[in-house]
Amino acid sequence: NQYGIDALKAYAYTLKKAERYEDAMEAFKELGIEIGSPYEFKKDITACEIALGWQEISRVEYRTEVADFNSGYSEYSPALWKEDQLVFTSDRQTSQGSDTYYWTGNKFSDLYVADLNSGAVSAFDAPFNTENNEGSLCFNNDFTEAYFVRCFGEKKEDNYCKIMYSALKNNTWSEPRVLEFVKDQVNYSGPWLSGDGKELYFSSNDPDGWGGYDIWVSNRAEDGWWEDPQPLSRNINTIGNERFPTLDGDTLYFSSDGHTGMGGLDIFRTYQLNNQRSWAPPFNLKPPVNSGGDDFGFVVYSNKADKEVLQSGFFTSTRYDGIGNDDIYRFEKVVLPPEPEPEVVEEVVAH
């Protein structure tokens with residue numbers, strides 16, 4: 001409609017997120033011609049072709065379904081809490097604070113806990129929820145430490161999202177404090193502890209990173225304080241956005257829109273190589289875990305294997321078949337059936 005190149009570019013990416021890949025490829029080709037560089041969006045066109053192929057895969061290793069505790073508002077960033085409970089972030093109407101978050105038009109987000117047996121949802125423990133945006137919480141293995149994000153600033157200043165820490169002593173959580181390495185005017189999100197509690201992974205748009213949001217890691221010093229974080233290597237971080245790191249043993253899951261994916265953020269997995277300084281090439285989990293929407297916050301709930309299910313857990317998606325906005329989905333990683341035997345055609349020999 002003659003709104004220029006920026007509108008055509010946004011249109012192409014919107015088609016991709018809507019999984020209209022053939023239309024998106026045509027829009028990217030037209031966009032390249034418009035800017036005088038026909039091969040500028042070759043990577044995006046190739047990604048659309050790959051996504052079309054992934055949609056045709058018949059032997060998929062994951063089963064997914066939307067969790068029943070979702071609402072018409074946003075639910076995202078699940079984290080396991082003790083036994084059969086899940087803490088997550090939501091901007092549903094029962095959140096604290098009376099202000100409207102103008103980015104979403106809803107209330108500011110709070111932390112909630114869902115009982116996985118009954119489906120009952122309630123606000124998480126004090127003192128985590130305030131009138132500010134809170135979210136993306138994780139725990140150590142014995143649930144005595146919590147790391148989460150709170151977005152706030154001084155009066156008449158922009159709010160920035162910071163990583164907060166709270167400890168549980170005598171069944172009471174300490175007043176959350178900002179971690180020592182957090183910088184001013186930088187946004188942080190998605191903290192996640194390693195199993196031994198010695199490494200803290202998170203995402204940040206720190207200008208010292210590789211571009212956009214990157215995944216960083218901080219090591220815990222002997223005195224318990226966190227050292228200056230370092231970004232992960234370039235085969236993990238891109239000029240795009242890498243968000244929501246989580247760990248399952250030595251496997252790192254994260255989301256990215258910089259690696260080849262299906263639309264928005266896609267979930268990838270990788271692991272550290274023998275020298276502990278580099279990471280294996282990220283592997284896209286493909287559909288039905290990934291979609292044209294944003295897929296992120298992949299959390300493994302159980303690795304107890306049975307004859308059919310190897311792994312189960314939760315993730316978040318904005319895909320079109322959800323309940324509304326961000327929704328939390330359950331997943332099961334299943335044992336794939338054997339490859340079908342190729343049909344043998346007997347050769348008929350004429351006598």
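Before any of the text, the structure's been laid out above.
Calculation notes
Residues numbered from 1 in each chain as written. Predicted model: local features only at pLDDT ≥ 70, side-chain atom pairs only at ≥ 80, totals over all residues. Heavy atoms only, no water. Salt bridge = Lys/Arg side-chain N within 4 Å of Asp/Glu carboxyl O. Helix = DSSP H or I, 4+ residues; strand = E, 2+ residues; numbered from the N terminus. Pairing = 2+ DSSP bridges. Axes fitted to C-alpha atoms, helices over the stretch in contact; angles between N-to-C directions. Phe/Tyr/Trp six-rings, centres within 6.5 Å; stacked < 30°, edge-to-face > 60°. Lys NZ or Arg CZ within 6 Å of the ring centre and 35° of its normal. Expected span 1.5 Å × (residues − 1). Buried < 20%, exposed > 50% of the residue type's maximum accessible area, 1.4 Å probe, protein only. Contact = heavy atoms within 4.5 Å. Arc of directions from axis to C-beta.

Student: What's the story with the pattern of salt bridges in this structure? I'm lost.
Tutor: It is possible for side chains of opposite charge to pair when their charged atoms get near one another. For the structure on display, the rule yields eleven salt bridges. For K183, the salt bridge is made with D206, and the minimal N-O distance between the two is 2.9 Å. With a gap of 23 residues between them, K183 in the loop between β12 (177–178) and β13 (188–193) and D206 in the loop between β14 (199–204) and β15 (214–219) connect regions that are remote in the sequence. Several salt bridges share partner residues, and in doing so they unite K183, D206 and D208 into one network.

Student: Where do I start with the sheet that holds strand β7 (residues 121–123) in this structure?
Tutor: Adjacent strands of a sheet pair through backbone hydrogen bonds, lying either parallel or antiparallel. Strands sit in the order β2-β3-β6-β7 across an open sheet of four strands; the sheet is antiparallel. Of all the strands in the sheet, just β2 (75–80) and β7 have a single pairing partner and so form its edges. Within the sheet, the average angular offset between the axes of one strand and its neighbour, ignoring direction, is 30 degrees. Two strands pair when backbone bridges link them, and strand β3 (residues 85–90) and strand β6 (residues 110–115) are joined in this way by six bridges, in the antiparallel orientation. Looking at the pairing, V87 lines up with V113 of β6.

Student: Could you clarify how one ought to interpret unusual backbone geometry in this entry?
Tutor: Excluding glycine, a negative phi dihedral is what most residues carry, and trans is how most peptide bonds are arranged. The omega torsion of the bond from A126 to P127 falls at 5 degrees, within 30 degrees of zero and hence cis. Residue position: P127 is located in the loop between β7 and β8 (133–139). Put simply, P287 and P288 share a cis peptide bond, and its omega is 10 degrees. Mapped onto the elements, P288 comes out in the loop between β20 (283–284) and β21 (295–302). In this structure, K82 is a non-glycine residue whose phi angle is positive, near 55 degrees. Here K286, not a glycine, exhibits a phi torsion of approximately 60 degrees, which is positive. Within the element layout of this structure, K286 appears in the loop between β20 and β21.

Student: In this structure, what is going on with the pairing of strand β19 (residues 266–271)? I would like to understand it.
Tutor: Across a regular strand the side chains alternate sides, sitting on one face of the sheet and then on the other. Relative to β19, strand β18 (residues 251–256) runs antiparallel, the two being bridged by six bridges. Bridge assignment links F254 to a residue of β19, and that residue is F268. As paired strands, β19 and β20 are joined by two bridges and run antiparallel to one another. Looking at β20, one finds that F268 is bridged to N284.

Student: What am I meant to see in the packing of aromatic side chains here?
Tutor: The relation between two aromatic rings is expressed through the spacing of the ring centres and the mutual angle of the planes. Counted according to the given criterion, the structure contains 29 aromatic pairs. Grouping aromatic residues by their ring pairs yields a cluster made of W81, F124, F128, F139, F143, F148 and W173. Note that K162 overlies the ring of F152, its terminal NZ or CZ placed 5.0 Å from the centroid.

Student: Looking at this model, I keep getting lost on helix α3 (residues 42–55). Mind explaining?
Tutor: Note: α-helices contain 3.6 residues per turn, so residues at a spacing of three or four share the same orientation. Look at α3: 20 Å from first C-alpha to last across 14 residues, which is about the 20 Å you get at 1.5 Å a residue. Of all the positions in α3, only D44, I45, A47, C48, A51 and W54 are classed as buried. Elements in contact with the buried residues of α3: α1 (5–17), α2 (21–34) and β20.

Student: Would you explain the sheet that holds β15 in this entry?
Tutor: With antiparallel pairing, the four strands of this open sheet are ordered in space as β13-β14-β15-β16. In the strand order of this sheet, the two ends are held by β13 and β16 (230–231), each with one partner. Both β13 and β14 contribute to a ladder of four bridges, which runs antiparallel. What sits directly across from W192, in β14, is Y201.

Student: I'm lost on the environment of F244 in this one. Help?
Tutor: In this structure, F244 sits in strand β17 (residues 242–248). When the C-alpha atoms of F244 and F202 are compared, they prove to be 6.9 Å apart, with 42 residues separating the residues in sequence. In contact with F244, not counting residues within four places along its chain, are S77, S136, S203, Y253, F254, S255, F296 and G297.

Student: Can you help me understand α2 in this one?
Tutor: In this model, α2 (14 residues) spans 20 Å end to end at C-alpha, consistent with the 20 Å of a helix rising 1.5 Å per residue. Buried within α2 are the following residues: Y21, A24, M25, A27, F28, L31 and G32. Buried positions in α2, seen along its axis, are confined to an arc of 165 degrees and lie on one side of it. Among the exposed residues of α2, those oriented more than 90 degrees off its buried face are E22 and I33. Contacts made by the buried residues of α2 are with α1 and α3. Directly beyond the C-terminal end of α2, a positive phi value near 80 degrees is found at G36.

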